[in-house]
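Understanding the architecture of this molecule
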Amino acid sequence: MKMAPPVEKNEYIDAVFEDVTHDGAGVAKVNGYPIFVPYGLPGEEAKVKVIKVKKNYAFGRLVELYKESPYRQEAPCPVYKQCGGCQLQHVSYGGQLQIKEKQVRDVMARIGGLKDVTIHPVLGMEHPWLYRNKAQVPIGEREGGLVAGFYRQGTHDIIDIEACLIQVEENDVLIQRVKQICSKHGVRAYNEKLHKGTLRHVMVRYGQVTGDIMLVFITRSDELPNKQAMIKEITAAFPNIKSIVQNVNEKRTNVIFGEKTKLLWGSEYIYDYIGNVKFAISARSFYQVNPVQTKVLYEKALEYAKLTGEETVIDAYCGIGTISLFLAQKAKHVYGVEIVPEAIEDANRNAELNGIKNVEFAVGEAEKVIPNWYEQGVQADVIVVDPPRKGCDESLLETIIAMKPKRVVYVSCDPATLARDLRILEDGGFKTAEVQPVDMFPQTMHVENVAVLERSL
Ligand code: SAH
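Values in this document were obtained by computation on a predicted structure and should not be read as measured data. (Residues numbered from 1 in each chain as written. Predicted model: local features only at pLDDT ≥ 70, side-chain atom pairs only at ≥ 80, totals over all residues. Heavy atoms only, no water.)

1. Remarks on helix H4 (residues 227-237)
Put simply, the test is: Buried, partly exposed and exposed residues are distinguished by accessible area as a fraction of the type maximum, computed with a 1.4 Å probe on protein chains only: under 20%, between the cut-offs, and over 50%, respectively. By definition, any uninterrupted DSSP run of H or I lasting at least four residues is a helix, any uninterrupted run of E lasting at least two residues is a strand, and each is numbered from the N terminus. Starting at the helix axis, one direction is taken to each C-beta atom, and the arc is that of these directions. Two residues form a contact once any of their heavy atoms are found within 4.5 Å.
Along H4, the positions that sit buried rather than exposed are Met230, Ile231, Ile234 and Thr235. Looking straight down H4, one finds that the buried residues subtend no more than 120° of arc, so they occupy a single side. When the buried face of H4 is taken as reference, the exposed residues oriented beyond 90 degrees from it are Gln228, Lys232 and Ala236. Check the buried side of H4 and you find it contacts helix H3 (169-184), strand E11 (213-219), strand E12 (241-248) and strand E13 (260-266).

This is the structure in structure tokens:
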């Protein structure tokens, strides 16, 4: 029997929000049929206008609030609703942490079938603003010069902004100045439609501990007019700049970076520390954007690994070796594996930089390299994985099950794929002991987790 949706387009309904989706919209139900309404919060009652009706769900717009959540607040950012980079600024920080904890609990139960696993409250930040160490902004132009900021939600119109409230202030100040200097020297913005012009994006990275700054110009071609004069002005104004790089992206694409990267001034790297480990970071390598919470996350991973100095550890998806080098200080030997060759070059350099000798890095897919190690007789006491959002390849999980390490520490940026993979490991003889959510991205819906599994068979 085909059931018609219980609401119609443009209809006004009275809604009660029960939940929040993974992208931050409120969920209300009419006879079990869900309506997603941006900015609705659990417990709130509201008048909603139905905007779009699909077979199994609808979208609505919040028209009037009858009952407000105690967590609701005025979003501090003036462009919050246009930008879309943050989803939770209308919620107090305490409320954000509640929403994230519930989200983790729900997916663990629903996707992982893990009903009685210990899930701790989210570890939040003391100051959940001005935390991002990396900004990459699209460049446009208006009469009077260049603009830089963000794309208006769902469009490619660039909104010019002076400050982003989750970005370290150093990055905002530098971007403002770079915009002025480039305008003054006649640099034209890239025009997407015509595939003409010069400057596509500007990327800035800031070493929170060292104060080092890297500036990257992403251009359509090799050409960047008046670059020597601009570099002179920029470096004079910002003595902390250690590296200025140009990346050339010749393609018609939404992907920010192109293949070619060249050094314009200074060093190819900037440095930063997480805890006592020093890292060289190049323009193209992955580096966590919230260094304060990265330390919290890695310390938790290290605590869960319960190392005594005797263990052989594998760190899968190791990037530039961040977690590997943390672990190496407490383990006998660490093997790291990562698919991007440049990241492994960085990882080797970082090991050397810190005088850490008991690590070995390999380039390749974790799901291919680790089975090879296993065949060659490598026995791991602890395996750490930190995959991208899509989670671990199933064949890697099977190898882990076969290798029978004492412990698996799983660092994850997507609770849903984490829950899926924990289920597979549980079915293979591991027991999830604890899950610790860490708030790496305050004001947004993202939540990072670290889980530890012990071998039960
Ligand atoms: N542990 C690192 C990096 C985590 S991000 C840190 O905390 O900084 C995930 C990493 O996995 C990225 O560096 C990405 O390049 C890498 N990666 C993606 N797919 C992979 C695969 N199949 N095998 C190995 N590494 C992979």
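2. Looking at the sheet that holds strand E10 (residues 199-206)
In plain terms, the rule: Any two strands with at least two DSSP bridges between them are considered paired. To obtain an axis, a line is fitted to C-alpha atoms, over the contacting stretch when the element is a helix, and the angle between two such axes runs from 0 to 180 degrees between their N-to-C directions.
On the basis of which strands lie adjacent, the open sheet formed by 7 strands has the order E9-E8-E7-E10-E11-E12-E13 and mixed pairing. This sheet does not close on itself; its edge strands, each paired only once, are strand E9 (158-160) and E13. In this sheet, neighbouring strand axes are inclined to one another by 35° on average, regardless of whether the strands run parallel or antiparallel. Pairing of E11 with E12, which is carried by 7 bridges, proceeds in the parallel orientation. Note that in E12 the partner of Ile213 across the bridge is Ile241. In the packing of H3 onto the sheet, contacts are made with strand E7 (134-142), strand E8 (145-151), E9, E10, E11 and E12, and the angle to E10 comes to roughly 145°.

3. Brief notes about the domain arrangement of the protein chain
Reports of interface size often rely on the accessible area that becomes lost once the parts have come together. Heads up, the rule is: Where each domain starts and ends follows an automatic or database-derived domain assignment. Throughout, the accessible surface (probe 1.4 Å) given up by two parts as they are put together, summed over both, is called the buried area. Every case where a carboxyl oxygen of Asp or Glu lies within 4 Å of a side-chain nitrogen of Lys or Arg is listed as a salt bridge. Definition of a polar contact: a pair of N or O atoms within 3.5 Å, with one able to donate and the other able to accept a hydrogen when the atoms are protein atoms, and with sequence-neighbouring residues admitted only if both atoms are side-chain atoms. For this scheme, ten residues count as nonpolar: Ala, Val, Leu, Ile, Met, Phe, Trp, Tyr, Cys and Pro. Four count as charged, namely Asp, Glu, Lys and Arg, and the remainder, Gly too, count as polar.
We note that the domain assignment places domain 1 (12-69), domain 2 (98-126 + 290-455) and domain 3 (134-274) within the protein chain. Taken together, the 7 residues of domain 1 in the interface contact 5 residues of domain 2. Both faces considered, domain 1 and domain 2 share a buried interface measuring about 380 Å² in area, 63% of it formed by carbon and sulfur atoms. Where domain 1 meets domain 2, there are 1 salt bridge. Across the pair Asp19 and Lys102 runs a salt bridge, and its minimum N-O distance is 3.3 Å. Counting across the domain 1 and domain 2 interface gives 1 residue pair in polar contact (both at pLDDT 80 or more). The class makeup of the residues in the side of domain 1 that touches domain 2 is 2 nonpolar, 3 polar and 2 charged.

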